[in-house]
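Commentary on secondary and tertiary structure
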Amino acid sequence: MFRILRGARTAAALASVLFLGTVAACGSGSGDGSAEPSGSAAPATSGQAGAAYPVTIEHKYGSTTIPAQPKRVVTVGLTDQDAALAVGTVPVGTTEWLGGYPGAVGPWAKDKLGTATAPTVLKDTGTGPQVEKIAALAPDLILALYSGVTKEQYETLSKIAPVVAQPKDFPDYGVPWERQTEIIGKALGKEAEAKALVRDVEGRFAQAQSQHPDFAGATGVVATPYEGIFVYGPQDNRARILSSLGFTSPEGLDKAVGAEFGANISKERTDLLDAKAVVWIVADPAADAAKLHQDKLYADLDVVAQGREVFVKETGDYGNAFSFVSVLSLPYTLDRLVPQLAAAVDGDPATEVAQPQS
């Protein structure tokens, strides 16, 4: 269902969840865009100086008020757990996307889990969040930032607990990792800590740029061989990795993908791949490279002839981290991706763009 968010899923909206009568008695909230606390609760302060509740956060469906510092958090957003873990909150429930990791916690985030009990893993197979299972976890906050929850699903979940949905100014599954981290930090009473974490990762990007000035202004594109060629647009987090390293989108990419996070391109637009570097998300780097090179339109491009292709195996920890694009996965990704990009754009076609050793 969610494979194209990694490499091959059409951008369809999640199906609506029917409200179940057993959920109605499980929590508070309203369908008008704000989740109201049940009863009256005095504002509570977190361990962070200056952080106080209630906290109100705006999103695609209005705004949600969080009455007190959450203690039982469920993440519906596919990567939201990393931001929560980064600021010291272990969710009681997470939603599985990539890797099949225990608790849906990737290796890049395991040290943040520590000895805590791994979260209960929920699934979304295309019919929306598992409402009854979420209710059974008795959350006091549901995070759904990196998601495609519909308004009906939002209203249903809001009957369980306050829900922070995806921001309105980005497409579904399009919230930048910086905004995701800061919003989740605010919701959890750790806004200052979240901003510090964002600055640290931004510093890693800045360091990579300073060490590789040839990245600046070079064109770069991320693609996958799904139903032909699928390219990721500027509103997708994988493409944002390249832009944060100094790369620019090929001319015409915006128009080709429109308002979506990506789109299939026609044979006539194979030229969009003729960038200074093209990053391919593939199942098998060697086999898929050979298959791609059988297409003469693509094989004749300079990006192929000059050895400027980067292949990322979509399964495995590196491929999962590359698609996760979170405050915790990005350092792991950059350690592996930056050397590949450097080899691709060094101007020497003979330089091998090697796969990371681990």
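The sections below set out a description of the structure shown in this document. Here the residue numbers are simple positions, counted from 1 along each chain's written sequence. Since the coordinates come from a predicted model, pLDDT governs what is reported: local features require at least 70, and pairs of side-chain atoms require 80 or more to be given and counted, while whole-chain, interface and lining totals use all residues. Remark: hydrogens and water are excluded; side-chain values derive from all non-hydrogen atoms of the structure.

**Some details on the overall build of the chain**
Selection rule: Numbering of helices and strands runs from the N terminus, with a helix taken as a DSSP run of H or I at least four residues long and a strand as a DSSP run of E at least two residues long. Only protein chains enter the calculation, and the probe is 1.4 Å; a residue is then buried if its accessible area is under 20% of its type maximum, exposed if over 50%, and partly exposed in between. Two residues form a contact once any of their heavy atoms are found within 4.5 Å. Each accessible area is a Shrake-Rupley estimate made with a 1.4 Å probe; only the visible protein chains count as cover when residues are assessed.
Within the chain, the regular secondary structure consists of 14 helices and 12 strands. For the chain, the residues scored as buried account for 55% of the 358 residues in total. Sequence-distant contacts, at least 24 apart, represent 70% of the contacts inside the chain between residues at least 6 apart. Just so you have it, the chain exposes about 14,600 Å², and 51% of that area is on carbon and sulfur atoms.

**Structural notes on the sheet that holds strand β12 (residues 309-313)**
Filter applied, for reference: We treat two strands as partners when DSSP finds at least two bridges between them. Where helices are involved, their axes are fitted lines through C-alpha atoms of the stretch in contact, as for all axes, and angles between N-to-C directions lie from 0 to 180°.
In spatial order, the strands read β10-β9-β8-β11-β12; together these five strands make up an open sheet with mixed pairing. Each edge of the open sheet is held by one strand with a lone partner, namely β10 (262-265) and β12. Sheet twist, expressed as the average angle between the axes of neighbouring strands with direction ignored, equals 30°. Direction of pairing for strand β11 (residues 277-282) relative to β12: parallel, over a ladder of five bridges.

**A word on the pattern of salt bridges**
Definition in use: We count a salt bridge whenever a side-chain nitrogen from Lys or Arg sits within 4 Å of a carboxyl oxygen from Asp or Glu.
On inspection of all chains with the given rule, the structure shows eight salt bridges. Between Lys 60 and Asp 172 there is a salt bridge, and its shortest N-O distance comes to 2.9 Å. Residue Lys 60 is found in the loop between β1 (55-59) and β2 (62-66), and its partner Asp 172 is found in the loop between β7 (163-165) and α6 (177-187); the two are separated by 112 residues along the sequence. Accessibility expressed as a relative area gives 37% for Lys 60, which makes it partly exposed. The exposure class of Asp 172 is partly exposed, given its relative accessible area of 23%. A salt bridge links Asp 236 to Arg 238; its shortest N-O distance comes to 2.7 Å. Across the pair, exposure class does not vary: Asp 236 and Arg 238 are buried alike.

**Details of the packing of α6 against helix α7 (residues 191-211)**
Inclusion rule: To sort the angles, those under 35 degrees are grouped as roughly parallel, those over 145 as roughly antiparallel, those from 65 to 115 as roughly perpendicular, and the leftovers as oblique. Helix crossings get a hand from a simple test, with the near helix turned counterclockwise from the far one by less than a right angle marking a left-handed crossing and a clockwise turn marking a right-handed one. Polar here means any residue other than Ala, Val, Leu, Ile, Met, Phe, Trp, Tyr, Cys and Pro, which are nonpolar, and Asp, Glu, Lys and Arg, which are charged; Gly is therefore polar.
α7 packs onto α6 with a crossing angle of 160° between their chain directions and a minimal axis gap of 7 Å. Judged by the angle between their axes, α6 and α7 are roughly antiparallel. Crossing geometry of α6 relative to α7 is assigned as right-handed. In contact with Trp 177, Glu 178, Thr 181, Glu 182, Gly 185 and Lys 186 of α6, α7 contributes Glu 191, Ala 194, Lys 195, Val 198, Val 201, Glu 202 and Phe 205. Considering only residue class, the contact of α6 with α7 consists of five nonpolar, two polar and six charged.

**So, the nonpolar core**
Spelled out, the test is: We define the nonpolar core as a collection of buried residues of types Ala, Val, Leu, Ile, Met, Phe, Trp, Tyr and Cys that are connected through side-chain atoms lying within 4.5 Å of one another. Domain delimitation follows an automatic or database domain assignment.
Counting residues in each nonpolar core, the largest one holds 69 residues, and the members touching the most others are Ile 241, Leu 245, Phe 247 and Leu 341. Looking at this core, the element that brings in the most residues is helix α14 (residues 329-344), giving nine residues. The two domains that each donate at least three residues to this core are domain 1 (55-199) and domain 2 (212-346). Ignoring any residue separated from it by four or fewer positions in sequence, one finds Phe 247 in contact with Phe 215, Ala 218, Thr 219, Gly 220, Leu 242, Ala 277, Leu 341 and Val 345. Grouped together as the second largest cluster of nonpolar side chains are 21 residues, Leu 253, Leu 272, Leu 273 and Val 303 included.

**Side note on the pairing of strand β6 (residues 141-144)**
On β6, burial covers both faces: Leu 141 and Leu 143 on one face and Ile 142 and Ala 144 on the other are all buried. Direction of pairing for β6 relative to β7: parallel, over a ladder of three bridges. Bridge pairing links Ala 144 to Ala 165 in β7.

**Some thoughts on the environment of Glu 155**
Considering the arrangement of structural elements, one finds Glu 155 in helix α5 (residues 151-157). Residues Glu 155 and Tyr 61, spaced 94 residues apart in sequence, show a C-alpha to C-alpha distance of 9.0 Å.

**Thoughts on unusual backbone geometry**
Negative phi is the rule for most residues except glycine; trans is the rule for most peptide bonds. In the segment running from Tyr 53 into Pro 54, the intervening peptide bond is cis, with an omega of 5°. By the element assignment, Pro 54 lies in the loop between α1 (3-6) and β1. One non-glycine residue, Ala 138, adopts positive backbone phi at about 50°. Along the polypeptide, Ala 138 turns up in the loop between α4 (131-136) and β6. Of note, Val 325 is a non-glycine position whose phi angle comes to about 50°, a positive value. Structurally, Val 325 can be placed in the loop between α13 (317-324) and α14. The buried category is assigned to Val 325, whose relative accessible area is 2%.

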